[in-house]
Structures are given as C-alpha cells and as structure tokens.
Amino acid sequence: MIAAALPARSCGSADFICGAGSRLHDTFPGGTGDVVIAVIKVLLVANFALINAGVMVLVWRRMMAFFQDRLGPNRVGVMGSLQWVADGIKLILKEIIIPRRADRTFFLLAPIIVVFPFILAYAVIPFSPTGIAADMSIGILFVLAVTALAFPGVFMAGWSSNNKYAMIGGMRAVAQIITFEVPLLLSALGVVLFAGSLSMTHIVGAQQNVWFVVPQAIGAAVFLMAAMAENAAHPFDLPEAESEIVSGYSTEYSGMAFGLFYLAEFGSTFTIGAVFTTLFLGGYRPLFGITVIPPVLWFLAKAYLVFAVMVWARFSLPRFRVDQFLSFGWKVLMPLAFLNLLVAAAELAIFPHLVA
Amino acid sequence: MRLLRFRGGGGGDVATAPAPIDDEPRRPAPVQPGKSALVKVNFGPHHPSTHGVLHLFLTLDGEIVVDCEVVFGYLHRAIEKLAEQRTYVGGQALCDRLDYVSAMTNNHAWMLTVERLLDIEPPPRVQVVRVMMDELSRIASHWIGTGVYGQDVGVLVTSVMWAFNWREEILDVFDDFCGQRMTYNYYRPGTVYPQRLPDDYERKIRAICDRTPGRVEQMHRFLTRNQIFRLRAVGVGVLSADDALSLSCTGPTLRGSGVAYDVRRARPYAIYSDLDFDVITRDAGDCMARYEVRLDEILQSRRIVLQCLDLLKEVSPDMGREPKQVKPAAGREAYVEVEGPKGAVGCYMKANGTPNPERMKWRSPSFINLGALPLMSRGWKIADLISIFGSIDINMGEVDR
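Treat the numbers as computed from the prediction; the structure is a model and nothing was measured.

**Overview of the environment of A:M63**
All names here are of chain A. By the element assignment, M63 lies in helix α3 (residues 31–67). The class of M63 is partly exposed, set by 17 C-beta atoms lying within 10 Å. Through-space distance from the C-alpha of M63 to that of S187 is 29 Å; in sequence the pair is 124 residues apart. The contact partners of M63, leaving out residues within four places of it in the chain, are A308 and V311.

**Concerning the packing of helix α4 (residues 124–152) of chain B against helix α5 (residues 158–178) of chain B**
All names here are of chain B. Running from amino to carboxyl end, α4 crosses α5 at an angle of 165°, the nearest separation of the two axes being 8 Å. The orientation of α4 relative to α5 falls into the category roughly antiparallel. Of the two possible hands of crossing, α4 and α5 adopt the one that is left-handed. Residue-level contacts link M133, L136, I139, A140, W143, I144, T146, G147, V148, G150 and Q151 of α4 to S159, V160, W162, A163, W166, R167, I170, L171, V173 and F177 of α5. Looking at the contact of α4 with α5 residue by residue, the class counts come to 15 nonpolar, five polar and one charged.

**So, the packing of helix α5 (residues 104–121) of chain A against helix α6 (residues 139–147) of chain A**
All names here are of chain A. Running from N to C, α5 and α6 point in directions that differ by 170°, and their axes come no closer than 8 Å. Comparing their axes, α6 and α5 come out roughly antiparallel. Where α5 abuts α6, its residues P117, F118, L120 and A121 lie against V143, V146 and T147. Among the residues forming the contact of α5 with α6, the class breakdown is six nonpolar, one polar and no charged.

**A closer look at the confidence of the model for chain A**
When pLDDT is averaged along chain A, the result is 81; 91% of the residues meet or exceed 70. Per-residue pLDDT stays below 50 along residues 1–14 of chain A; that stretch engages in 24 contacts with residues further than four places along the chain or on separate chains.

**What about unusual backbone geometry?**
All names here are of chain B. In this model, Y193 is joined to P194 through a cis peptide bond whose omega is 0°. By secondary structure assignment, the location of P194 is in the loop between β6 (191–192) and α6 (201–224). For A270, which is not a glycine, the phi torsion comes out positive at approximately 45°. Position of A270 relative to the elements: it lies in the loop between α10 (263–266) and α11 (287–314). Non-glycine residue R401 carries a positive phi angle of around 55°.

**Structural notes on the nonpolar core**
Within the largest apolar cluster, 208 residues are counted, with the highest numbers of intra-cluster contacts made by A:F223 and A:F276. Beyond its immediate sequence surroundings of up to four residues, A:F223 is in contact with A:L184, A:S187, A:A188, A:F276 and A:L279.

**Regarding the sheet that holds strand β7 (residues 333–340) of chain B**
Strand pairs in the sheet, formed through backbone hydrogen bonds, run parallel or antiparallel to each other. Residue and element names in this part refer to chain B. Taken together, the three strands give an open sheet; going across it, the order is β7-β8-β9, and neighbouring strands pair in antiparallel fashion. Looking along the sheet, the strands with just one partner apiece sit at the ends: β7 and β9 (357–363). The mean inter-strand angle of the sheet, taken between neighbouring strand axes irrespective of direction, is 15°. Where helix α3 (residues 103–118) meets the sheet, its contacts fall on β7 and β8 (343–351), and the angle it forms with β7 comes to roughly 155°.

The rules we used
- Every chain is numbered on its own, with residues counted from 1 as its sequence reads.
- Chain labels run from A onward and ligand labels from 1 onward, assigned in the order the entries are written.
- Note on the predicted model: pLDDT of at least 70 is required for a residue's local features to be given, and 80 or more for side-chain atom pairs to be given and counted; whole-chain, interface and lining totals, by contrast, use all residues.
- Elements are defined by DSSP. Helices are runs of H or I of four residues or more, strands are runs of E of two residues or more, and each kind is numbered from the N terminus.
- Put simply, a residue is buried when 20 or more other C-beta atoms lie within 10 Å of its own C-beta and exposed when 12 or fewer do; between those, it is partly exposed, and each C-beta is set from the backbone.
- Residue pairs are scored as contacts if the distance between their C-beta atoms, which are placed from the backbone, is within 7 Å.
- A fitted line through C-alpha atoms represents every axis, and for helices the fit uses only the stretch in contact; the resulting angles, taken between N-to-C directions, go from 0 to 180 degrees.
- For classification purposes, angles smaller than 35 degrees are called roughly parallel, those larger than 145 roughly antiparallel, those between 65 and 115 roughly perpendicular, and all remaining angles oblique.
- Crossing handedness follows the turn of the near helix against the far one: under a right angle anticlockwise gives a left-handed crossing, and clockwise gives a right-handed one.
- For this scheme, ten residues count as nonpolar: Ala, Val, Leu, Ile, Met, Phe, Trp, Tyr, Cys and Pro. Four count as charged, namely Asp, Glu, Lys and Arg, and the remainder, Gly too, count as polar.
- The predictor attaches a confidence to each residue, called pLDDT, with possible values from 0 through 100.
- Each nonpolar core reported here comprises buried Ala, Val, Leu, Ile, Met, Phe, Trp, Tyr and Cys residues connected via C-beta atoms within 7 Å.
- For two strands to count as paired, DSSP must find a minimum of two bridges between them.

Below, the structure is given as structure tokens:
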C-alpha cells in the first residue's frame, strides 16, 4: 500500500533486492523461491548489520576525537575509513586468552550470545517501504524481546570469567536490565496506542500526518534514555565502568571474543537509533516531502542522527553511581513512562486525526 | 620487595560508614548464614584509575567499601638514597622524577634547601622567574588534577584530553625557558640555568593567561554545573578539618576542608610575601570542595603569573652567579617547605662537607594526603572510592619516591 504510493525510482538498494526477491517468487512459486528469498534477506541483513557496526566504529571514533580536540584515526584509508577493517583483522589475529579457572564453555559462548540479538533485531526494521526482511505483525515486541536476550550473555561473561570485577559488572548488568526494561516497554506502548499496531511498517505508516516524537515527546525521551541504559551506553555504562571495575564483564576477554562484545555494543547502538527512528521520527518518511532522496537514505540519516546524539551524550556526561542510577530508573523514568501513557490516551481522545 | 601499608587513622568515622567489620584485614571474613560475605578485592596495582601503580586492598560488602588498605611501593626508586650519591646540583634531576606533573615546585624545594645550606639568596629577578615557573607549574598540575578527576567520575577522557592540551601550552613555555618539557632541572644555587630568558616569553605567557579564565569557565560548564557530576561529588568523601589536620594533609585536600593553610602565606619563601593572591578555601570538605579549590587556585596562580610578568620589567637584570663549588660545611642541615600543587613539598638535607648530601628526605604531599583515603572512603561505594581517590589528586612518583 505504502510502496505503491512512492515512485519506483526512489527505491534504495534494499528495495531492489527485495523487489528482485518478489519477482523471483512470482517466477518460481513455491518452495525454492521462498528459500532463495529468505537466504538473500538473511545475508543482506546480517552483512549490513556487521558492516554497519564497523562504519559506526569509525564515526564514533572521529566524533570522539572532535569532542576531545584531537584528530582521531586518519591514516588507514581515506580519512581513516579503513581503520575499522584493520582493527578487525588485528582482533581476529590476536590470541583469545582464557583464564585458567574460567568456565571455558560459557566463557566462549557468552560473546556469541551477546552478538546475535542486535543482528536479529535488524530483521524487522523497515529501512524503506519494502526494505524489511520480515514484516512481522509483532515487530516492536520482537525487537524489545530479542535485544533483551543479550543480557544473559553479559551475565554469563561476568560469571564465567572467574574475576571479581567481571562478576560485579555482570551483576550490575542484570540489575540494569530489570530496572530499565519496564520504562522502555511502557514508553514504546504510547506509540503502539497511537498506531494501533505492533507492526513496524504500520507504525511508520501511521506517522504520515505527524511524527510521533511531537505528541509523544516524553515517551521519546524516556525511550531513548531507557534504551541507552539497556544497551549500557554511557552515561549508563555501569556494567563496564572503566574507572571503577576495569572493564566489567569483558575484563578477561581478548582477541575476537572481545571484538564481538565491541561489535555488539556498536551494532546495538545503531539498533536503538533505528528503532527510535521507526517509532518516533517517522521511519523512512521524508522530511518536508523531499522525495528526491530515497527513503532508505532518509532512514539511515535519521538513525545516524540519533546515534550522533548518543555519542554526544557519551562524551559529555559523567557516569552515575549504581544506586543513583537505579533509583533514576525506578523513581524518574518509570513515573514518566506512565505519565506518557496517560498523555497518549488523552491526546488520542482529543485529536483523533493525528494518526493517519 | 616488602611493600609498605597503612590503613589510615584520624578520629571519627564517616557518618554513613558502617563500623569496620574486622580488624585484621588479611583474615577471611566469617560467612554467617543469611548474611552477605565480604569480598576482598585487589584494586590495582594495574587498574585504569589508580593513577599509576597504587594498590588498594579493599574489603567489599557488595559494592560498599568496608575497609580500604593502601599498599604502595611498586614505583619505589630509592630516590632519597640515590640523592646521597649525587652532588647538590646534580641531585636536583632526581627530584624532577618525584612529582613529574609539577617538577618546577620540586626543583624549588630542592634548591631553596641547598641555598639555605650555603647561606646564599638569589637576586630578585631569579626569584621572580622561579615563582612564575612555580605558578605555571601549579596551573598545569591543577589542569591534570581536575581533568583526570572528571574521568574518575566517569567522563570518558574528554576532560582529560582538554586538560592535557591546555597543559601542553605551558610545557611549551617551559621548553623555551629550560629546554625540557617535564623534567626541567632548571634551578641552580643562586640562579637558574640557562640564565638568558627566551625572546618572546611574555607574549606566550600572556596568551596562556588570557585563555585561562575561559577554560576554567569551560570546566565549570562541563563538570561543576553538571547534575550527574554534582551527584557524584557533592557530599561524597567528607574530610573534617580536624581529621585533615591530624592526618597532616596539606594543599587542596586541607583547604577543601576549610583550613586556610598555604605555605606561600604561612611561611613565605622567594617573593611570595610581596605578591597579591588569595588562599582559596572551601568549607564542605567533600570531593566537590577539593575540586573547586583547584579550579579557583588556577585563577589565583594566573594572577601571580601576571604580577611576575610586570615585576620582571622592573627588577634589576642581575641573574646572579652559580657558586664555583657547592660544598656546604659539615654538620649543617636545612629543611624547607614550598607549596606544591598537591600540598606542602618539603626537602630536608644534611651536609657532611663533601659535594654530596649525607642525607636527603623528601616530604611528599601526595603520600601524606593519601593517608586520608581509608578514613574518607569507608562506607562509600566503589564508584565513590574512585571519586574520593581522584579528588585527592596524588602522583605515584611522589608517593613511592
């Protein structure tokens, strides 16, 4: 429905592949076509997720350097554009040191568990009208459920390392997710109330008249903060607070095992940006009706903007203490999320035409 | 190597602190059913925020610090012993390696002691240059102190990078004056070396002084008025004036507790009695107070530097002479204190008639201020321990000597 409303030439590369997939499906109705489409989609999403995480590392480091009056990586490739590749190769070549009394199975399993959720979350994010790997009817629920799966991995890492700092980091991570999962879900509920659907494409479609960040300003703020907290992004990075508990749950990790934690951190930071864009910033919808820019670029631009805001917060704010942080979650974000739900219901009753 | 330990003393407990659970820190804590076990953690010597190689032996109840034992000696270089085999002038290079963030004040303490042994006094111009170098050094050290404190409460290196950039300009000035950036070895008995001042030092130093208030304001905007920073610093790690005095703390650690003691005012040396500056104090005694004292002292040091620049135009151009032979009479001894950025830096020397001192003893403020850490940190959380530790602003080179 939405795809038909947009001119065909404005399709991004993701549209092209998926469009090709649907043609393939027409040509080969039945099993083979479906399998091929599924494989293409999985490859596309997984590779985009991983490569994008690498690109984010570069953006992150250059921005960090900008905030700190220095240059940042600028030697490998044009303006340091290949630095993340070099870092990745370095990490792969390094030895993964396993502490002698660590639980080997869980120690090695933990980074793999941590890295999966954010790739899975990419599956239901609508990059463009047709550029969505799996348009589930419970998209938003899927994202929130799947991203929460990373935390067992984090706790496993902390527990299996046989290190007190790692253990403290893992326990902090668990305390954190219990606290911030609730406001995160509640703030997303306001949007669901508006859109009347859990599907990501429906939520984007419902923002035709107004982006939900306008009527749901409190919800957007709570969602961003709770999502950052859940992702353990600074200033909420207590599970890996460097100045307190060395590196938290990832203290004992080295080589690519550490690299996977690193990858997951950046990948899920983008996931937050993408989900926030979908829920509150109109997804791939253009601003001021500028349809010359393809929707997939609109989407990426918005998601990167949210990412930039998170990097900004990361390098300008000190870290909370653990008790202050948890009481911030229970006593500030939670009531605000409930308030937001009331506001959403009231707004919907007073201005029913906000939603397309 | 036998490591030294101390567990702090002083009277009174922090109001919120639970009573110390066990007296013998090495004894494993008894696990009682239904009660949480105490965990012993080796905090350091290689930990990102111990500012070097400090080792804290912590007893934790969950996240709460029940006891904190300071272990040090990992950077011990026997500098006091080495000084006995160096000449009075050559040994000065050793004291550069003590508090390497502010080596000029160390040089000053050393050379004032040598001069007192020799009964000589440098001409006014030399004293003005020395005071100017000391105060620039204090600015540089306080930048590091406040910037790194920002990182200790969790700003990801941003404030540190700023601080190091700002310090860099001051190091450039030192480079012009003495050809070194960190270990200056600049002062000589009765003079400084090289005696010729660089060509356009005034323009460079004035440029730094012009930019300093804006940078202090930037630090205030970035940290002091940040709500999270205030949560982490205000009311944390309170050190009462009585405790600070009984633990012989000096410098911002003491002045942050409301005691207006500054060696530059209490026992003026060089030309400090002629200069116009305020002794900054805060009454709260918490981490915020110590941090704010540092930022305000930067502005006071700037005032002194500007006065010194004016004085350099007025005083006679005599730069003094280095004595041919530095050999104080046997049996003479001297103890001189100067106000370093971290507190009172004291140097004691005893002469035996040879070109080398018979005994040198260094009073390092970092070492003595560190003694207040166990008292201040009991009952606070791990994160607060780092905040408190950062607010003392120690330098391990000086603690271990």
